[in-house]
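Fold and geometry: a report
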Amino acid sequence: MLSRIYRRNFCTCSPRPWLFVGLGNPGEKYKGTRHNVGFEMLDAFAESQGIQMETVHCKAMFGKGFVNGVPVLLAKPLTYMNLSGESTGSLAAYYKLPLNRVVVFHDDMDLPCGVLRLHPKGGHHSHNGLKSVIYHFRANREFPRLRIGIGRPPGQMDPKAFMLQKFNLTARERIDAALVEGIHALKQVLSKGFSESSKCFNTEQKYKHIRLQTLPT
């Protein structure tokens, strides 16, 4: 009963809550790997805002709180990457959220390591986590994403092996800097909305992209 009352009060407050979902694989084996930067971004945001991620809800590590008066739900699916949509879809339905209030954080090989982008919608581009989310959103692709660049594998290296490797020192420094930038961008999303925030942020990241795209990691 108390849970239902809390959910009703949390979700009927103004403004409507945002759901932030970080994609990754659970377990120590995958911690610190390129494929888990969505988890890292979620953890960094939660820590910066003092939001505890201690509850398991809808197959996800889950937390909720307020950022400058705006309600936010945070989730890291525990289903493994390829089934991320099971958790994400259930959470969006449970809290009756429109998909434009769900932001998914994920790794992206099409961006240089440490470069970020905010996009209002898009396809999955062979990312199995996004593919699962789209499937559980009934093929609806119109949900925002925070893309986190991890760069391309060197030479003929298998992309799957590359994603499951840990970052070297140079790449780790870039990702750590990107996490700080991501936290700021997400706070702007909560205060100003996605569209306005993404324009300024993506312009800044465009120049970073140009600067980093030819540098080795």
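Residues numbered from 1 in each chain as written. Predicted model: local features only at pLDDT ≥ 70, side-chain atom pairs only at ≥ 80, totals over all residues. Heavy atoms only, no water.

**With respect to the sheet that holds strand S4 (residues 70–77)**
The strand order across the open sheet formed by 7 strands is S2-S3-S4-S1-S5-S7-S6, and the pairing between neighbours is mixed. Looking at the sheet topology across the chains shown, the edges are occupied by strand S2 (55–57) and strand S6 (116–119). Geometrically, the sheet is characterised by an average inter-axis angle of 30° between neighbouring strands, direction not taken into account. Pairing of strand S3 (residues 60–67) with S4 involves 8 bridges; the strand directions are antiparallel. Its bridge partner being in S4, Gly-63 is matched across the sheet by Leu-74. Seen against the sheet, helix H6 (residues 169–192) touches strand S1 (18–22), S3, S4, strand S5 (102–108), S6 and strand S7 (145–149) and runs at an angle of roughly 25° to S6. (Pairing = 2+ DSSP bridges. Helix = DSSP H or I, 4+ residues; strand = E, 2+ residues; numbered from the N terminus. Axes fitted to C-alpha atoms, helices over the stretch in contact; angles between N-to-C directions. Contact = heavy atoms within 4.5 Å.)

**Considering the pattern of salt bridges**
Within the structure shown, the criterion is met by 7 salt bridges. With a shortest N-O distance of 2.6 Å, Glu-40 and Arg-172 are connected by a salt bridge. Of this pair, Glu-40 sits in helix H2 (residues 37–49) while Arg-172 sits in helix H6, and the two are 132 residues apart along the sequence. With its nearest N and O atoms 2.9 Å apart, the salt bridge here joins Lys-76 to Asp-43. Of this pair, Lys-76 sits in strand S4 while Asp-43 sits in helix H2, and the two are 33 residues apart along the sequence. Residue classification places Lys-76 among the buried residues on the basis of a relative accessible area of 14%. With a relative accessible area of 32%, Asp-43 lands in the partly exposed category. Within the structure, one salt-bridge network assembled from shared partners comprises Glu-40, Arg-172 and Asp-176. (Salt bridge = Lys/Arg side-chain N within 4 Å of Asp/Glu carboxyl O. Buried < 20%, exposed > 50% of the residue type's maximum accessible area, 1.4 Å probe, protein only.)

**Focus on the packing of H6 against helix H7 (residues 194–212)**
The interhelical angle for the contact between H6 and H7, taken along N-to-C directions, is 160°, at an axis separation of 8 Å. When the interaxial angle is binned, H6 and H7 end up roughly antiparallel. Judged by the twist between their axes, the crossing of H6 over H7 is right-handed. Contacts from Arg-174, Ala-178, Glu-181, Ala-185, Gln-188, Val-189 and Lys-192 of H6 reach H7 at Phe-194, Glu-196, Ser-197, Phe-201, Gln-205, Lys-208 and Leu-212. (Parallel < 35°, antiparallel > 145°, perpendicular 65-115°, else oblique. Left-handed = near helix turned anticlockwise from the far one by under 90°.)

**What to know about the layout of surface pockets**
In this structure, the largest pocket occupies an estimated 630 Å³ of space. Around the largest pocket sit 28 residues that line it, and His-125, Ser-126, His-127, Asn-128 and Met-163 are the ones nearest its centre. At the level of secondary structure, the elements contributing two or more residues to the lining of the largest pocket comprise S5, helix H4 (128–136), S7 and helix H5 (159–163). Partitioned by chemical class, the residues of the lining of the largest pocket number 8 nonpolar, 12 polar and 8 charged. In this structure, the second largest pocket spans a volume of roughly 250 Å³. Around the second largest pocket, the lining is made up of 14 residues, and of these Gly-27, Lys-31, Phe-39, Asp-43 and Lys-76 lie nearest the centre. Considering each element in turn, the lining of the second largest pocket owes the most residues, 3 residues, to H2. Among the residues making up the lining of the second largest pocket, the classes are represented as 5 nonpolar, 4 polar and 5 charged. (1 Å grid on protein atoms, 1.4 Å probe; cavity = no way out; pocket = protein on both sides within 12 Å on 5 of 7 lines; lining within 4 Å. Points joined across faces, edges and corners; volume = space filled by probe spheres on them. Nonpolar A, V, L, I, M, F, W, Y, C, P; charged D, E, K, R; others polar.)

**A short note on unusual backbone geometry**
If you check the backbone angles, His-125 has positive phi at about 50° while not being a glycine. Relative to the elements of secondary structure, His-125 occurs in the loop between S6 and H4. For His-125, a relative accessible area of 67% gives the class exposed.

**Re the environment of Ile-150**
Position of Ile-150 relative to the elements: it lies in the loop between S7 and H5. The buried category is assigned to Ile-150, whose relative accessible area is 2%. Look past the residues within four positions of Ile-150 in its chain and what remains in contact with it is Arg-34, Val-37, Asp-107, Asp-108, Met-109, Leu-111, Pro-112, Cys-113, Phe-162, Met-163 and Phe-167.

**Points about the packing of aromatic side chains**
In total, this model carries 6 aromatic pairs according to the counting rule given. Geometrically, the ring pair formed by Tyr-30 and Tyr-80 is edge-to-face, given 6.2 Å between the ring centres and 75° between the ring planes. One end of the pair, Tyr-30, is in the loop between S1 and H2; the other, Tyr-80, is in the loop between S4 and helix H3 (84–94), with 50 residues separating them in the sequence. Given the relative accessible area of 16%, Tyr-30 is considered buried. The exposure class assigned to Tyr-80 is partly exposed, which follows from its relative accessible area of 42%. Over the ring of Phe-39 we find Lys-76; its NZ or CZ atom is 5.2 Å from the centre of that ring. One cation-aromatic arrangement involves Arg-145 over Phe-143; the distance from NZ or CZ to the ring centre is 4.1 Å. (Phe/Tyr/Trp six-rings, centres within 6.5 Å; stacked < 30°, edge-to-face > 60°. Lys NZ or Arg CZ within 6 Å of the ring centre and 35° of its normal.)

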